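# Breakdown of the fold
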Amino acid sequence: SKAELKGSATFYNYQLNEQIQYKYLLEEELRRALDNEEIFLLYQPQIDTKTQQLIAVEALARWEHPKLGSISPDDFICIAEEIGIIKEIGLFVFRQVCTDILSVSPAGKNAINVSINISPKQLMSPDFIDLITQATDEIGIDRHRITLEITENVMLNELEKTYDILTELKKRSFCISLDDFGTGYSSLSYLNMLPFDEVKIDRCFVNNITISKQSKALIKSILAISDAYGMITVAEGVEKKEQLTMLHSLGCNLIQGYYFDKPLTLSTLHNTYLKQ
Ligand code: C2E
Ligand code: CA
Ligand code: CA
Ligand code: CA
């Protein structure tokens, strides 16, 4: 009936309105979170498989909300993308990481590198390259030391555009890493379609390396191809000694995971690894 239709339309508007209000709230919360220093970074060591020395760290964002507690980056990065403030959060993260890392590891022979996760929308935004170039100039960190981690799903639909962006980033001396390799739809042949410096083997394969022949075989092929293309290989989520031993024997370059360390605060990173 007409009354029912009208009723459902009102209900629909009401729901839509609620959703919009909720997004406004989250947007405000996230903006406030930035000003309030609720968003901060932890740093997880990446260790040379052969020498067991610290080579680099991956910056991982945390949101500690005063009422809601800690919110996982898997959740708030997604929200930030959806409501369109990923650019601000991403730039905040980028600047904070550069400042942090320069403060505990100044330029020089033993300077460590740092990897920063870049979300697809952030990568594709028109002024991304200029903004991060400006930031590194202003802060004074060498761009060779910065690796940008991007995931496979970024490029599938916009291969040409991604190619241009990554090529320009490399011209400006940033390094590019392919994150979570093996979890998307990509094939091994895809590795040389874009100018990656590094490949990160996803945790799910590393997890199974000592128990599944398929996982081991897959990791072997990823390592062989990466090596042929001159790319650095990083294994993610290494938790056990047996995994490390096998990755070492297969020739994986860097190890990241709880076996060595979980993500650390800047001061713990400094005290544990970087103090002279
Ligand atoms: P990711 O880039 O794949 O990061 C690795 C995740 O694995 C991190 O989770 C890390 O804490 C966790 N991890 C490290 N070693 C181990 C291990 O040995 N075992 C297990 N089970 N887990 C391990 P986290 O910190 O919760 O981050 C989740 C995801 O959120 C990241 O996945 C990344 O995609 C995203 N993320 C984090 N920080 C940022 C950021 O600043 N910007 C963007 N765009 N995304 C971020
Ligand atoms: Ca990552
Ligand atoms: Ca990853
Ligand atoms: Ca991930």
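Residues numbered from 1 in each chain as written. Chains lettered and ligands numbered in written order. Predicted model: local features only at pLDDT ≥ 70, side-chain atom pairs only at ≥ 80, totals over all residues. Heavy atoms only, no water.

## Re the state of the cysteines
Under the counting rule described, the total for this entry stands at zero disulfides. You can see Cys175 has no disulfide; the closest cysteine sulfur is in Cys98, sitting 13 Å from it. (Disulfide = S-S within 2.5 Å.)

## Focus on the nonpolar core
In this structure, Tyr43 and Leu169 are the most contacted members of the largest nonpolar core, which totals 69 residues. At eight residues, helix H3 (residues 86–104) tops the list of elements feeding residues into this core. Those residues in contact with Leu169 that sit more than four places away from it in its chain are Leu123, Phe128, Ile129, Ile132, Leu148, Phe174 and Ile176. (Core = buried A, V, L, I, M, F, W, Y, C linked by side-chain atoms within 4.5 Å. Buried < 20%, exposed > 50% of the residue type's maximum accessible area, 1.4 Å probe, protein only. Helix = DSSP H or I, 4+ residues; strand = E, 2+ residues; numbered from the N terminus. Contact = heavy atoms within 4.5 Å.)

## Here's the deal with the site of ligand 1
Neighbouring residues of ligand 1: 21 residues in total, closest Gln44, Arg62, Arg203, Glu239 and Tyr258. Between ligand 1 and Asp74 there is a distance of 3.5 Å, counted from an oxygen atom to a side-chain nitrogen or oxygen. The separation between an oxygen atom of ligand 1 and a polar side-chain atom of Asn117 is 3.1 Å. For ligand 1, whose accessible area on its own is 810 Å², the fraction buried by protein is 84%. In this structure the site holding ligand 1 corresponds to the largest pocket. Going through the elements one at a time, strand S2 (54–65), helix H2 (73–82) and strand S6 (175–181) are the ones with two or more residues in the shell around ligand 1. Here the shell around ligand 1 gets four residues from one element, more than from any other, and that element is S2. Taken together, the residues of the shell around ligand 1 sort by class into eight nonpolar, five polar and eight charged. (Near = heavy atom within 4 Å. Polar contact = N/O pair within 3.5 Å; in protein donor to acceptor, adjacent residues only side chain to side chain. Areas by Shrake-Rupley, 256 points an atom, 1.4 Å probe, with all protein chains shown as cover. 1 Å grid on protein atoms, 1.4 Å probe; cavity = no way out; pocket = protein on both sides within 12 Å on 5 of 7 lines; lining within 4 Å. Sits in = over half its atoms within 2 Å of the grid points. Nonpolar A, V, L, I, M, F, W, Y, C, P; charged D, E, K, R; others polar.)

## Topic: the packing of aromatic side chains
As enumerated under the stated definition, the model contains three aromatic pairs in all. Between Trp63 and Phe76, the aromatic rings sit 5.8 Å apart at their centres with planes inclined by 85 degrees, giving edge-to-face as the arrangement. Pair noted here: Trp63 is in strand S2 and Phe76 is in helix H2, with a separation of 13 residues, a long-range link. With respect to burial, Trp63 and Phe76 carry one shared label: buried. With centroids separated by 6.3 Å and ring planes inclined at 65 degrees, the aromatic side chains of Phe94 and Phe174 adopt a geometry described as edge-to-face. In this pair, Phe94 is assigned in helix H3 and Phe174 in the loop between helix H6 (159–171) and S6, connecting sequence segments 80 residues apart. Like Phe94, the residue Phe174 is buried in the burial classification. (Phe/Tyr/Trp six-rings, centres within 6.5 Å; stacked < 30°, edge-to-face > 60°.)

## Considerations on the coordination of the calcium ion (ligand 2)
Donor atoms from the polypeptide that bind the calcium ion (ligand 2) are Glu58 (OE), Asn117 (OD1), Glu149 (OE) and Asp179 (OD), placed at 2.1 to 2.3 Å. Taken in sequence order, the residues that donate to the calcium ion (ligand 2) follow the motif E-x58-N-x31-E-x29-D. The metal-metal distance between the calcium ion (ligand 2) and the calcium ion (ligand 3) is 3.9 Å, with Asp179 serving as a donor to both. You can see Glu58 sitting in strand S2 and its partner Asn117 sitting in strand S4 (residues 113–117), a full 59 residues away along the chain. (Donors = N, O, S within 2.8 Å, 3.2 Å for Na, K, Ca; no water.)

## Quick look at the coordination of the calcium ion (ligand 3)
The reference angle at a metal is 109.5 degrees if four donors form a tetrahedron and 90 or 180 degrees if six donors form an octahedron. Donor atoms from the polypeptide that bind the calcium ion (ligand 3) are Asp179 (OD), Asp180 (OD), Glu236 (OE) and Glu236 (OE), placed at 2.2 to 2.5 Å. Going along the chain, you hit the donors of the calcium ion (ligand 3) in the pattern D-D-x55-E.

## Some words on the packing of H3 against helix H5 (residues 128–139)
One way to put it is that H3 packs onto H5 with a least axis distance of 10 Å and a crossing angle of 25 degrees. Relative to H5, H3 is oriented roughly parallel. H3 and H5 meet at a crossing whose hand is right-handed. Residue-level contacts link Lys87, Leu91, Phe94, Arg95, Cys98, Thr99 and Leu102 of H3 to Leu131, Ile132, Ala135, Thr136, Glu138 and Ile139 of H5. For the contact of H3 with H5, the per-class residue count stands at eight nonpolar, two polar and three charged. (Axes fitted to C-alpha atoms, helices over the stretch in contact; angles between N-to-C directions. Parallel < 35°, antiparallel > 145°, perpendicular 65-115°, else oblique. Left-handed = near helix turned anticlockwise from the far one by under 90°.)

## What to know about empty space enclosed by the protein
The full count for this structure, using the stated rule, is one cavity of 30 Å³ or more. Its volume calculated, the largest cavity comes out at about 70 Å³. Lining the largest cavity, in full, are Lys87, Gly90, Leu91, Gln122, Ser125, Phe128, Leu131 and Ile132. For the lining of the largest cavity, the secondary-structure elements that each account for two or more residues are H3 and H5. Across the lining of the largest cavity, the residue classes tally to four nonpolar, three polar and one charged. (Points joined across faces, edges and corners; volume = space filled by probe spheres on them.)

## Some words on H3
Owing to its 3.6 residues per turn, the α-helix brings residues three or four apart onto one side. An ideal rise of 1.5 Å per residue puts 27 Å on 19 residues; H3 measures up with 27 Å between its terminal C-alpha atoms. Buried residues of H3: Ile86, Ile89, Gly90, Val93, Phe94, Val97, Cys98, Asp100, Ile101 and Val104, and no others. (Expected span 1.5 Å × (residues − 1).)

## Topic: the pairing of S2
In terms of residue burial, S2 counts as a mostly covered element, since nine of its 12 residues are buried. Alignment of strand S1 (residues 39–48) against S2, held across nine bridges, turns out to be antiparallel. Following the sheet pairing, Tyr43 is matched in S2 by Ala59. Between S1 and S2, which pair antiparallel in sequence order, lie five residues; one of them, Gln52, sits at a positive phi of approximately 60 degrees. Where S2 and S4 come together, four bridges link them in parallel fashion. Within S4, the position partnered with Glu58 by the bridge is Ser115. (Pairing = 2+ DSSP bridges.)

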